[in-house]
Amino acid sequence: MSSSLSLLSRRRSPPRSSSAELELPVPPEFRCPISLDLMRDPVVGPTGITYDRAGIEAWLLAAGARKTATSTCPVTKGDLRADDLVPNHALRRVIQACDSSASSLVLDGVLAALVLVMPLDKEAIVPIGTSTASVALLASVAKQGDLQRRLQAVVLIREIVALSSCCSRNGGATTAIDLSDNLDGIIEVLVNTIRDPISPQATKASLVAAYHLALADDYAATRLAEAGLVPSLVELLIDGDRSTAEKALAALDATLASEAGRARARADALAVPVLVKKMFRVSDTATELVVSALHHICKKWHGEDEVGSPVARRSAVVEMVQVGAFQKVMMLLQVGCRDATKEKATELLKLMLKYETRGGGDCIDAMDFRGLKRVS
């Protein structure tokens, strides 16, 4: 945290007084009498004096090395042996509680200051993102803080995840941010913020972060799906504005690259109807993302679990036809789209024709075939 504050201080003025205000004094009773540092593992001996374990054990070891010396308590000079030391659990709990409060106060200042200078550059993000403890604290604040602090924490998590994803995809090993220790906590924050919004800004920040997580790593995409992201995104798409819808579709499409994501989309009764409805209603970008998402849901993927998958895929394709996807995909191919989208749209048409023919249905009108040769 202190490193991030110092980086920030070089970018803004006047920062020095605010940094000093965040330095909280350590009570003397929390310091080891030997090292004078904050005790992390306090132990007490029969003399009644509490030391940090590392400090007193080093003292006794040094005394033992001097054959003429007697192991004594540094403060009282009474006899003291390593076997006499017992943990001071009460003091340790107090120190941890106070240390947590101090960290919380420091984090308040850091969050408020960093959000003011968004977007952050790599120099400001890396010191926080590479600290497992800092990221864990951010996730905790995003779950349990007041609304303002939760928003600030989510925005900062978005910045960290985006940089981590970028470094992962581009092979930036020297500045890699490893979020594996906090992945579940981050995913819980993102899914909960999307499911139960606290503000439009927090929702959009969570969508962007979820997109980067799913895009960078199949395991993360799987964990997002298992945490319930897919139905939350589908629900958000129903009434979301253009910006929210585009971000939700991007996050959904990235999550559907995982088998778990596809399985949950196929099991969601609203997924296909909502996706088809969004075609041509939001933006060109959104329409292409819808096609990609439907392609993920309906296509048979290599290595996919065959137990239940064929039936689920067939149901998804039939449902696409029933809610008018054939006509919309035909229209998209006629008006033109990017090559990658054209390829996926053409595959979707073939799947719909295949299952419609097998099922003997009449959802596709003969008039819909006009121009099919021209676009395929």
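Residues numbered from 1 in each chain as written. Predicted model: local features only at pLDDT ≥ 70, side-chain atom pairs only at ≥ 80, totals over all residues. Heavy atoms only, no water.

The subject of this paragraph is the overall build of the chain. For the chain, the count of helices and strands is 19 helices and three strands. The proportion of buried residues among the 376 residues of the chain is 44%. Contacts in the chain between residues far apart in sequence, at least 24 positions, make up 67% of those at least 6 positions apart. For the chain, the exposed area adds up to about 19,100 Å²; of that, 53% sits on carbon and sulfur atoms. (Helix = DSSP H or I, 4+ residues; strand = E, 2+ residues; numbered from the N terminus. Buried < 20%, exposed > 50% of the residue type's maximum accessible area, 1.4 Å probe, protein only. Contact = heavy atoms within 4.5 Å. Areas by Shrake-Rupley, 256 points an atom, 1.4 Å probe, with all protein chains shown as cover.)

Sheet architecture is open: three strands sit in the order β2-β1-β3, paired in antiparallel fashion. For this open sheet the edge positions go to β2 (50-52) and β3 (86-87), each flanked by a neighbour on one side alone. Note that strand β1 (residues 42-44) and β3 share two bridges and pair antiparallel. In the strand pairing of β3, Val-44 is matched with Val-86. Along the sheet, helix α3 (residues 53-65) contacts β1, β2 and β3; its crossing angle with β2, the most-contacted strand, is approximately 90°. (Pairing = 2+ DSSP bridges. Axes fitted to C-alpha atoms, helices over the stretch in contact; angles between N-to-C directions.)

A separate point is the confidence of the model for the chain. In the predicted model, the chain carries a mean pLDDT of 82, and 76% of its residues have values of at least 70. Highest mean pLDDT in the chain belongs to helix α12 (residues 242-255) (98); lowest belongs to helix α1 (residues 2-9) (36). A low-confidence stretch, residues 366-376 (pLDDT under 50), is modelled with 16 contacts involving residues beyond four sequence positions or located in other chains. (pLDDT = per-residue confidence, 0-100.)

Among the eight residues in helix α14 (residues 271-278), six count as buried, and that is most of the element. Turning to α14, its buried residues number three or more, namely Ala-271, Val-272, Val-274, Leu-275, Val-276 and Lys-278. Phe-280 occupies a position one or two residues after α14 and carries a positive phi of about 65°.

What follows concerns the pattern of salt bridges. Across all of its chains, the model carries eleven salt bridges by this definition. In this structure, Asp-41 engages Arg-92 in a salt bridge whose closest nitrogen and oxygen atoms are separated by 3.4 Å. Placement of the pair is Asp-41 in the loop between α2 (16-21) and β1 and Arg-92 in helix α4 (residues 89-116), with a sequence separation of 51 residues. Under the relative-accessibility criterion, Asp-41 is labelled partly exposed at 24%. Overall, Arg-92 belongs to the partly exposed group, its relative accessible area being 34%. Arg-223 is the partner of Asp-184 in a salt bridge, and the nearest nitrogen-oxygen pair spans 3.0 Å. Of the two residues, Asp-184 is situated in helix α8 (residues 183-195) and Arg-223 in helix α10 (residues 218-226); the sequence distance between them amounts to 39 residues. Here Asp-184 falls in the partly exposed class, since its relative accessible area comes to 43%. (Salt bridge = Lys/Arg side-chain N within 4 Å of Asp/Glu carboxyl O.)

As enumerated under the stated definition, the model contains zero aromatic pairs in all. In this arrangement the basic side chain of Lys-299 is found over the ring face of Trp-301, its NZ or CZ atom lying 4.5 Å from the centre. (Phe/Tyr/Trp six-rings, centres within 6.5 Å; stacked < 30°, edge-to-face > 60°. Lys NZ or Arg CZ within 6 Å of the ring centre and 35° of its normal.)

Before going further, it helps to examine unusual backbone geometry. Phi at Lys-77 takes a positive value of approximately 70°, unusual for a residue other than glycine. Here Lys-77 lies in the loop between α3 and β3. Residue Lys-77 is classed as exposed on the basis of its relative accessible area, which comes to 56%. One non-glycine residue, Phe-280, adopts positive backbone phi at about 65°. Given a relative accessible area of 37%, Phe-280 falls into the partly exposed group.

Turning to the nonpolar core, a few remarks are in order. Counting residues in each nonpolar core, the largest one holds 83 residues, and the members touching the most others are Ile-160, Leu-213, Leu-275, Met-320 and Met-352. Looking at this core element by element, the count peaks at ten residues for helix α7 (residues 147-170). In this structure Ile-160 touches Ile-125, Ile-128, Gly-129, Val-135, Leu-138, Ile-177 and Leu-179, once residues within four positions along its chain are discounted. In this structure, Phe-30, Cys-32, Met-39 and Val-43 belong to the second largest nonpolar core, which totals twelve residues. (Core = buried A, V, L, I, M, F, W, Y, C linked by side-chain atoms within 4.5 Å.)

Right, let's get into a nonpolar patch on the surface. There is a patch of nonpolar side chains on the surface, built from Phe-280, Met-331 and Val-335 and spanning about 290 Å² of accessible area. Relative to the assigned elements, Phe-280 resides in the loop between α14 and α15 (284-298). (Patch = residues over 30% accessible without salt bridge, like charges linked within 9 Å, V, L, I, M, F, W, Y side chains within 5 Å.)

On to the packing of helix α9 (residues 200-216) against α12. Relative orientation of the contacting elements α9 and α12 amounts to 25°, with a least axis distance of 8 Å. One element, α9, and the other, α12, form an angle in the roughly parallel class. For the pair α9 and α12, the sense of crossing is left-handed. Listed contacts from α12 to Lys-204, Leu-207, Val-208, Ala-210, Tyr-211, Ala-214 and Leu-215 of α9 are Ser-243, Thr-244, Lys-247, Ala-248, Ala-250, Ala-251, Ala-254 and Thr-255. Residues belonging to the contact of α9 with α12 are distributed by class as follows: ten nonpolar, three polar and two charged. (Parallel < 35°, antiparallel > 145°, perpendicular 65-115°, else oblique. Left-handed = near helix turned anticlockwise from the far one by under 90°. Nonpolar A, V, L, I, M, F, W, Y, C, P; charged D, E, K, R; others polar.)

Along the chain, Arg-338 turns up in the loop between α17 (325-335) and α18 (339-359). Spatially, the C-alpha atom of Arg-338 lies 8.4 Å from that of Glu-288, the residues being 50 residues apart in sequence.

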